[in-house]
Amino acid sequence: MSERIPAGGLYRTATGIHEPLSLEHLRLARYMASTYCRSREFCREYIERTLRASILVAKARINDLVGTDYTGLDSEILSLIDKLVEFYAKYLAGLYVLAGEDVLAKASTTLKLPRSNAWLVAGDIAKLKAGEAAALFVAGLIEPIETGALRIVKTGKTRKE
């Protein structure tokens, strides 16, 4: 059954061989589910095992394919993870301006903040929880405000210059 798990299955993934995910993989996965889910008990077991295996495959694909020039059907998902990793790395490195533990960010467009139901207009600055800021950054709705150190590295200039 391992080979029926999309994009190569457990064995191929464990050996670092990642097939590009295709519509055929997804069709086959749906077909397998409909085939094995004729009885409730067997279906439950099939889904539990398949999900456990698919989580392992997904984690391996993320680890091996994020940041590469991979172009399979799931490449857009992997590019979102790339953006999340970028945000998280800069957050961990202290390269974002914080207010306490919250990230200061500039709205790129008009949006309604999910937690507070407040509206931001493009250009507004808001104080956001790190998780909310990460999600909105990945969605392209905000830009975290970067520290002066990061601006110096990017431009090569200090404020006095």
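Scroll up to find the structure this text is about.
Attention in this report is confined to the structure presented alongside it. (Residues numbered from 1 in each chain as written. Predicted model: local features only at pLDDT ≥ 70, side-chain atom pairs only at ≥ 80, totals over all residues. Heavy atoms only, no water.)

A complete count under the given rule lists eight salt bridges for this structure. Salt-bridge contacts for Glu101 lead to Lys129; the nearest nitrogen and oxygen are separated by 3.9 Å. With Glu101 in the loop between β1 (98-99) and β2 (102-107) and Lys129 in the loop between β5 (125-128) and α5 (130-138), this pair connects stretches of sequence that are 28 residues apart. One continuous salt-bridge network, built from bridges that share partners, spans Glu86, Lys90 and Glu146. (Salt bridge = Lys/Arg side-chain N within 4 Å of Asp/Glu carboxyl O. Helix = DSSP H or I, 4+ residues; strand = E, 2+ residues; numbered from the N terminus.)

Enumeration according to the criterion identifies five aromatic pairs in this entry. When the centroid spacing of 5.6 Å and the interplanar angle of 35 degrees are considered together, the rings of Tyr36 and Phe42 count as tilted. When the ring of Tyr36 is compared with that of Tyr46, the centres are 4.9 Å apart and the planes differ by 20 degrees; the resulting orientation is stacked. Remark: Tyr46 occurs in helix α3 (residues 40-65) and Tyr36 occurs in helix α2 (residues 23-36); sequence separation between them is ten residues. Residue classification places Tyr36 among the partly exposed residues on the basis of a relative accessible area of 28%. Here a set of aromatic residues connected by ring pairs shows up, and it is made of Phe87, Tyr91, Tyr96 and Phe137. Positioned above the aromatic ring of Phe137, the side-chain terminus of Lys83 is 4.6 Å from the ring centre. (Phe/Tyr/Trp six-rings, centres within 6.5 Å; stacked < 30°, edge-to-face > 60°. Buried < 20%, exposed > 50% of the residue type's maximum accessible area, 1.4 Å probe, protein only. Lys NZ or Arg CZ within 6 Å of the ring centre and 35° of its normal.)

What follows deals with the pairing of β2. As defined by bridge partners, β1 adjoins β2 across two bridges and the pair is classed as antiparallel. Within β2, the residue paired with Leu98 across the bridge is Val103. With antiparallel pairing between neighbouring strands as the criterion, β1 and β2 make up a hairpin whose turn holds two residues, including Gly100 at a positive phi of roughly 70 degrees. For β2 and β5, the ladder comprises four bridges, and the chain directions are antiparallel. Bridging from a neighbouring strand, Lys106 pairs with Ile125 of β5. Pairing geometry for β2 and strand β6 (residues 142-144), over three bridges, is antiparallel. (Pairing = 2+ DSSP bridges.)

The phi dihedral of Asn117 is positive, around 65 degrees, even though this residue is not glycine. Within the secondary structure, Asn117 sits in the loop between β3 (111-112) and β4 (119-120).

Packing of helix α4 (residues 75-92) against α5 leaves a shortest axis separation of 9 Å and a crossing angle of 140 degrees. As the angle between them shows, α4 and α5 are arranged oblique. Seen from above, α4 lies across α5 with right-handed handedness. Counted together, Leu80, Lys83, Leu84, Glu86, Phe87 and Tyr91 of α4 and Ala130, Ala133, Ala134, Phe137 and Val138 of α5 form the full contact between these two elements. When its residues are assigned to classes, the contact of α4 with α5 shows nine nonpolar, no polar and two charged. (Axes fitted to C-alpha atoms, helices over the stretch in contact; angles between N-to-C directions. Parallel < 35°, antiparallel > 145°, perpendicular 65-115°, else oblique. Left-handed = near helix turned anticlockwise from the far one by under 90°. Contact = heavy atoms within 4.5 Å. Nonpolar A, V, L, I, M, F, W, Y, C, P; charged D, E, K, R; others polar.)

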